Amino acid sequence: MMHPIHKCRSTSSQGWGRWSILPLVLGVIGFSVLMGNLYTPKPVNAQEQQQLLQTLTVTGRGIERIPTTLTRVNLGVQVEGKTAQELQAQVARQSSAVVKLLQERQVERLETTGIRLTPNYSYSDRTQRLIGYTATNTVSFRIETSKAGSLIDDAVQAGATRIDGISFIATDEALAAAQQVALRQATADAQQQAQTVLDALNLTSRGIVSIQINHASAPSPIQLDRGNFARAESAPSPVIGGEQQVEASVTLNIRY
């Protein structure tokens, strides 16, 4: 008679345990629903969506031209000979004399750009025969344009046998200032374009949504090729610089 009574109590205890966690489960579900409502993004109504679409995109450009005041020169020594050892020694002597001159004139950014020793061959009756070598040592440097012509003449007298070319550039400070001017011009151009369009459509600007600076690029040096320079060498090597052009562009998204 005791055994059935004990079984009945065990069943009742297990049922009570299951019901006792029900409030906790309901609380978790309720909290999740509440947090979901708090963090659910509100839908954008038609008026707000229309305001987002009412934007005008314009791109302005600015150009600033500045005079070049520096000249970048590439020159060196090139000699041909029978033996590599004698030839390399000769090139070293002439190159040292040229470099010494450039250092005395206090040129800027002097650096070696190439050292080469190449064999020369002749071909006859399908036979290759070594006939000598060509040795080359080249350097590059910067100097004020007003001093470039006379320095090139002196470098040739010191031992330089080749001039690979010259280019004209502005100073780093002048380029940085020109980039700022070009950016201001590009911004003003973009604003003027936007105002012209909005006035034509009887619309009013309500503020700038975004700004994008596309580029404010430094220009490439102005190159003077070897042919043009060779023609100038018949005179006392006149070297005349030019202008560099710095460009910038700015894109504005304007709400109206």
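Above this text is the structure in question.
K.L.:
How should I be thinking about the overall build of the protein in this particular structure?
P.N.:
Secondary structure summary: the protein contains seven helices and eight strands in total. Across the 256 residues of the protein, 27% fall into the buried class. Put simply, of all contacts in the protein between residues at least 6 apart along the chain, 85% involve residues at least 24 apart. If you sum the accessible surface of the protein, you get close to 17200 Å²; carbon and sulfur atoms cover 54% of it.

K.L.:
Which parts of the structure should I look at to understand unusual backbone geometry?
P.N.:
With glycine set apart, most residues show a phi of negative sign, and most peptide bonds adopt trans. You will see that Q106, though not glycine, has its phi angle at about 55°, which is positive. Looking at where Q106 falls in the secondary structure, it is placed in the loop between helix 4 (84–104) and strand 3 (108–124). By relative accessible area, Q106 is classed as exposed at 69%.

K.L.:
Can you help me understand a nonpolar patch on the surface in this one?
P.N.:
A contiguous nonpolar patch, built from Y121, Y123 and L130 and spanning about 340 Å² of accessible area, is present on the exposed surface. With respect to the helices and strands, the residue Y121 is situated in strand 3. Y121 gets classed as partly exposed once you look at its relative accessible area, which sits at 37%.

K.L.:
Even after reading the chapter, I still don't get the pattern of salt bridges, so can you show me in this structure?
P.N.:
For side chains of opposite charge, pairing can occur when their charged atoms come near one another. Evaluation of the coordinates by the stated rule reveals four salt bridges. One salt bridge connects E108 with R142, and the closest N-O pair in it is separated by 3.0 Å. Here E108, found in strand 3, pairs with R142, found in strand 4 (residues 127–144); they are 34 residues apart in sequence, far enough to count as distant. Salt-bridge contacts for R162 lead to D164; the nearest nitrogen and oxygen are separated by 2.9 Å. Judged by relative accessible area, which is 21%, R162 ranks as partly exposed. Relative accessible area serves as the criterion here: at 27%, D164 is assigned to the partly exposed category.

K.L.:
Can you help me understand the side chain of S140 in this one?
P.N.:
Assignment of secondary structure puts S140 in strand 4. Contacts of S140, omitting those with residues within four sequence positions, involve V73, N74, R109, L110, E111 and T113.

K.L.:
It is not clear to me how the packing of helix 4 against helix 5 (residues 145–158) should be interpreted in this structure. Could you clarify?
P.N.:
When two helices pack together, their arrangement is given by the angle between the helix axes and the distance between those axes. Interhelical geometry of helix 4 versus helix 5 gives an angle of 150° and a closest axis separation of 8 Å. Relative to helix 5, the element helix 4 is oriented roughly antiparallel. Crossing hand, helix 4 versus helix 5: right-handed. Of the residues in helix 5, those touching helix 4 at Q94, A97, V98, L101 and L102 are L151, D154, A155 and A158. Among the residues forming the contact of helix 4 with helix 5, the class breakdown is seven nonpolar, one polar and one charged.

Definitions and cut-offs
Residues numbered from 1 in each chain as written. Predicted model: local features only at pLDDT ≥ 70, side-chain atom pairs only at ≥ 80, totals over all residues. Heavy atoms only, no water. Helix = DSSP H or I, 4+ residues; strand = E, 2+ residues; numbered from the N terminus. Buried < 20%, exposed > 50% of the residue type's maximum accessible area, 1.4 Å probe, protein only. Contact = heavy atoms within 4.5 Å. Areas by Shrake-Rupley, 256 points an atom, 1.4 Å probe, with all protein chains shown as cover. Patch = residues over 30% accessible without salt bridge, like charges linked within 9 Å, V, L, I, M, F, W, Y side chains within 5 Å. Salt bridge = Lys/Arg side-chain N within 4 Å of Asp/Glu carboxyl O. Axes fitted to C-alpha atoms, helices over the stretch in contact; angles between N-to-C directions. Parallel < 35°, antiparallel > 145°, perpendicular 65-115°, else oblique. Left-handed = near helix turned anticlockwise from the far one by under 90°. Nonpolar A, V, L, I, M, F, W, Y, C, P; charged D, E, K, R; others polar.

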